[in-house]
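Survey of secondary and tertiary structure
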Amino acid sequence: METGLEIAVIGMAGRVPGARDIDEFWDNIKNSVESIAFFSDEELMKGGARPRCLGNPKYVKAGGMLPGIEYFDASFFGYTPTEAEIMDPQVRIFHECTWTALEDAGYDPLSFRGLIGLYAGASPNLKWIAGTLSSGNRDVLGDFDASQLIEKEYLCMRVSYKLDLSGPSVLLYTACSTSLVAIHMGYQALLNGECDISLAGGVTIIRPDKAGYVYKEGMINSPDGHCRAFDAGARGFVGADGVGVVVLRRLRDAAAAGDHIYALIKGSAVNNDGMQKAGFTAPSVKGQAEVIKMAMQMAGVEPESIGYVETHGTGTELGDPVEIESLKRAYNTDKKGFCGIGSVKTNLGHMDSAAGAAGFIKVALAIKHRQIPSTLYFETPNPR
């Protein structure tokens, strides 16, 4: 049943470990491909790893790498080679994916008669900033101009400037919920009439070199380089790089224009659980259950009508039980076996600012292809 609040997903673009575009992404997840990379000592040494790290039995030689981040069509976007060289790779790749998403939707921003908004976020990239400061290129451009290329805070305004997007241009950062909050904001902007098309997503590219991490008992990273969401053996996730962008439009406008529609957003919600959290990075059951109920109420759907939930699914000892208990409270039903759950992190790793967009794109493709992909490494349900 339509409520008049539906927003159509008319375009998408993404680059994730093991996939250069959303078609390769879908092929990988439908075929249960894990795209986490495992590195040799030689590769890690070239990336700057210290020998003492490689000899540490708790050093996990794995990560979700995004190949080709050194390439960028600078002239297409009107940048000089020097500007492109010092620009944060997150900003470079986000330019390209934003353009690709608009192409997928079939719209040229330079000729579209309407307002196009942009809502997105990126991850802190202190290593890139430090490297650029020591390179000398910053001195060529001067601190003022260089800072606008190096710092992620200019991400949205820079892309809006280069693509002539005249709707709202909003950068946000809410840690690993960044890109989903951006999609929520893009959805709300369309309902409020602030723009005619909205672009939303996120990007994380903070691993220019092959590198692992040191596993610590009870922390968030996996001890073996695999994410086993909801399994009894789940002990954490693997960090990864990636980017995802979606193009949204009011359903009535998309239908009138004959746009291709991947899926519809029927409702969304954002909240914060304040001091209810077990700790600053540990979510509360109450807060999560409340935001799930808010989204379902806005969408006007009954819990038992929902057949699948793409979860945060980090495979952490605390996060998985909290997430499932929250869903149980929000659904509040005795019915069983009607709603699947999954986590794309078992395929790709955790992409921080781009994590939510990756899960969103996975679900939109699952709707398009009418297939729920498997979740990897699930053997025995987590008893908690």
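Residues numbered from 1 in each chain as written. Predicted model: local features only at pLDDT ≥ 70, side-chain atom pairs only at ≥ 80, totals over all residues. Heavy atoms only, no water.

Axis separation between helix α1 (residues 22-30) and helix α15 (residues 355-369) bottoms out at 11 Å; the angle between their running directions is 80 degrees. As the angle between them shows, α1 and α15 are arranged roughly perpendicular. Contacts from Ile22, Phe25, Trp26 and Ile29 in α1 reach Ala358, Ile361, Lys362, Leu365, Ala366 and His369 in α15. Tallied by class, residues from the contact of α1 with α15 come to eight nonpolar, one polar and one charged. (Axes fitted to C-alpha atoms, helices over the stretch in contact; angles between N-to-C directions. Helix = DSSP H or I, 4+ residues; strand = E, 2+ residues; numbered from the N terminus. Parallel < 35°, antiparallel > 145°, perpendicular 65-115°, else oblique. Contact = heavy atoms within 4.5 Å. Nonpolar A, V, L, I, M, F, W, Y, C, P; charged D, E, K, R; others polar.)

Below, the discussion takes up the side chain of Ser160. Tracing the backbone through its elements, the reader meets Ser160 in helix α9 (residues 155-163). On the accessibility criterion, Ser160 (8% relative accessible area) is buried. At a separation of 2.8 Å, a polar atom in the side chain of Ser160 contacts the side chain of Ser169. Among residues more than four places away in sequence, those in contact with Ser160 are Leu118, Leu165 and Ser169. (Buried < 20%, exposed > 50% of the residue type's maximum accessible area, 1.4 Å probe, protein only. Polar contact = N/O pair within 3.5 Å; in protein donor to acceptor, adjacent residues only side chain to side chain.)

Its 17 residues place the ends of helix α5 (residues 89-105) 24 Å apart at the C-alpha level, agreeing with the 24 Å of an ideal helix rising 1.5 Å per residue. Extensive coverage of α5 is indicated by the burial of 13 of its 17 residues. Sitting at the amino-terminal end of α5 is Asp88, which places a side-chain oxygen 2.9 Å from the backbone nitrogen of Gln90. Directly after α5, the chain includes Gly106, whose backbone phi takes a positive value near 90 degrees. (Expected span 1.5 Å × (residues − 1).)

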